Amino acid sequence: MKIMILGSGAREYSIALALKNIDQNLDFFFSPGNGATKSLGTNINLEKPLELANYAKENEIDLCIVGSENFLAQGIVDIFKQHNLAIFGPSKAAAMLETSKSFMKNFLQKYQIKTAKFLNTNNLEKAKEFISTLTPPIVVKADGLCAGKGVIIAQTHEEAIDSASKMLSGESFGDAGKFIVIEEFLDGFELSIFAVCDGDDFVLLPAAQDHKKLLDQDKGPNTGGMGAYAPSSLASEDLLEKIKKDIIIPTLAGMKKEGSEFSGVLFIGIMVVNQEPYVLEFNVRFGDPECEVLMPLIENPLELILATTQKRLKNTKINIKKEYAVGVVCASENYPYKSSEKTEISIKNIPENTHISYAGVSLDNDKLMADGGRVLVCVGVGKDIKEAQKKAYELCENVEFKGKQFRKDIAYQVIQ
């Protein structure tokens, strides 16, 4: 079977690795991939959806898995389906749950799904007026895709107005910020919830928790994520039932009603306030670094993906291992402030029940080089969260590159 995976990070590497662990005979094609995906398959450098569809046809690709949201925003799923090609991911219209924060908030309001009080606007005076009604901190978001960086948590009314002004003028995020969402701040704990959906039915994956801040104890600037773990004991059975009943089921029904049936991964950023789940945001693909800890826990990931694309989730048994996974991001020296010099990676040993998912890496005369912000993820799997954490950090100590930095407390919320 030939499988094309679109994206270049540890998420895409993790998907391929999980599938290859089940069936060594799968052929992988990555676009664009990274320096390490070459060891799993073939890297191709095509960006345009139509070029990728033509390549898939010419090379008899059996399945395309979309890792990156940028391809979904371009409508790649629609184009592949027009060419009768199998693809895992939502249509361009359904992807608006991620690509437009104002669409998402209006959708939640329309279908009475709990979310923070908000205003969508491109008018600074209206923004100022709404900001004055909120108690700081206040959340200001760019409407469009900003690679996970378009959210400001302002500590004062003045800072919120300044952030709104810079977004609306195009100074902060260009066109992505010329329409904004202002929200009340919800105080609780966050969870990453993943439902794999085929339009009608869904499979809920183990609840994960991401660590966005650069430094231990959630200090320092926000990043794309410094690590994750799953499943989280913070997600009780009662809470998960509420999320299914009050969020996932009405979302799938609502999207169908809107004429944009949702198929693929619905990734819900949840804030839990007094045991009530509120939607912070929707993403429409696997999260990164959550994907790296979820893939090792799914016994039959290929069957999950195929059943989704063939709309037969209802009659497919998806097995989740009774294990835990912790992933620790090893980042380059200057991340997230600026780029770092390219430097060679050396690995002493890979302990049992661990593996590396590679992200910001390239090949230089067959040497693997760290050349991106988040370089790789050290993943440990164990019978409980403590064992998984111990394994992940054991692997971290076996990985060396100049300037390597990583958090020492991933999964601290459930271990302390």
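One can find the structure itself at the top, above this paragraph.
Since we're looking at a predicted model, the values are computed, not measured.

## A short note on the environment of Ala207
- Tracing the chain through its elements places Ala207 in the loop between strand 11 (202-204) and strand 12 (209-210).
- Overall, the relative accessible area of 5% leaves Ala207 in the buried class.
- Not counting the four nearest positions on each side in its chain, Ala207 is found in contact with Ser192, Ile193, Tyr229, Ala230, Pro231, Ser232, Ala235 and Leu240.

## What to know about the nonpolar core
- In this structure, Ile3, Ile65, Leu205, Phe286, Val326, Ile345 and Leu376 are the most contacted members of the largest nonpolar core, which totals 66 residues.
- When residues no more than four places from it in sequence are discounted, the contact partners of Leu205 are Phe194, Val196, Phe286, Leu294, Ile298, Leu304 and Ile320.
- By size, the runner-up hydrophobic cluster in this structure holds 48 residues, among which are Met4, Ile44, Ile247 and Val279.

## Regarding helix 11 (residues 301-309)
- With seven of nine residues buried, helix 11 lies mostly within the body of the structure.
- Pro301, Leu302, Leu304, Ile305, Leu306, Ala307 and Thr308 are the residues of helix 11 that are buried.
- Positive backbone phi, at 55°, marks Lys311, one or two positions downstream of helix 11.

## What to know about the environment of Gly188
- By the secondary structure assignment, Gly188 is in the loop between strand 9 (180-184) and strand 10 (189-198).
- C-alpha separation for the pair Gly188 and Val399, spaced 211 residues apart in sequence, amounts to 35 Å.

## A short note on the environment of Leu50
- By the secondary structure assignment, Leu50 is in helix 2 (residues 49-58).
- Residue class for Leu50 comes out partly exposed when judged on its relative accessible area of 47%.
- Linking Leu50 and Leu368, residues 318 residues apart in sequence, is a C-alpha distance of 32 Å.
- Dropping the residues within four chain positions of it, Leu50 is found in contact with Ile79 and His83.

## Topic: the pattern of salt bridges
- A complete count under the given rule lists 25 salt bridges for this structure.
- Across the pair Glu258 and Lys110 runs a salt bridge whose closest N-O atoms are separated by 2.7 Å. Remark: Lys110 occurs in helix 6 (residues 101-110) and Glu258 occurs in the loop between helix 9 (237-257) and strand 16 (263-273); sequence separation between them is 148 residues.
- Overall, the relative accessible area of 33% leaves Glu258 in the partly exposed class.
- Asp409 is paired through a salt bridge with Arg407; the nearest N and O atoms lie 2.9 Å apart.
- Taking relative accessible area as the criterion, Asp409 reaches 8% and is therefore assigned buried.
- The exposure class of Arg407 is buried, given its relative accessible area of 1%.
- Residues participating in the shared-partner salt-bridge network are Arg11, Glu12, Glu69, Glu98 and Arg285.

## What about the sheet that holds strand 7 (residues 138-142)?
- One open sheet holds the four strands; their spatial order is 6-9-7-8, and the pairing between them is antiparallel. Two strands bound the open sheet, and with one partner strand each, they are strand 6 (118-121) and strand 8 (151-154). Each adjacent strand pair in this sheet contributes to an overall mean axis angle of 15°, direction not counted.
- The pairing of strand 7 with strand 8 spans four bridges and is antiparallel. Within the sheet, the bridge partner assigned to Val139 lies in strand 8 and is Ile153.
- Against the sheet, helix 6 contacts strand 6, strand 7 and strand 9, and its axis sits at roughly 135° relative to strand 6.

## As for the packing of helix 7 (residues 124-132) against helix 8 (residues 157-168)
- Remark: helix 7 packs on helix 8, axes separated minimally by 10 Å, with the N-to-C direction vectors making an angle of 155°. The angle between the axes of helix 7 and helix 8 places the two elements in the roughly antiparallel class. Crossing handedness for the pair helix 7 and helix 8: right-handed. Taking contact as the criterion, the partners of Leu124, Ala127, Lys128, Ile131 and Ser132 in helix 7 are, on helix 8, His157, Ala160, Ile161, Ala164, Ser165 and Leu168.
- Looking at side-chain class alone, the contact of helix 7 with helix 8 contains seven nonpolar, three polar and one charged residues.

Rules used in this analysis
Residues numbered from 1 in each chain as written. Predicted model: local features only at pLDDT ≥ 70, side-chain atom pairs only at ≥ 80, totals over all residues. Heavy atoms only, no water. Helix = DSSP H or I, 4+ residues; strand = E, 2+ residues; numbered from the N terminus. Buried < 20%, exposed > 50% of the residue type's maximum accessible area, 1.4 Å probe, protein only. Contact = heavy atoms within 4.5 Å. Core = buried A, V, L, I, M, F, W, Y, C linked by side-chain atoms within 4.5 Å. Salt bridge = Lys/Arg side-chain N within 4 Å of Asp/Glu carboxyl O. Pairing = 2+ DSSP bridges. Axes fitted to C-alpha atoms, helices over the stretch in contact; angles between N-to-C directions. Parallel < 35°, antiparallel > 145°, perpendicular 65-115°, else oblique. Left-handed = near helix turned anticlockwise from the far one by under 90°. Nonpolar A, V, L, I, M, F, W, Y, C, P; charged D, E, K, R; others polar.

Keep in mind that these numbers describe shape and distance, not what the molecule does.
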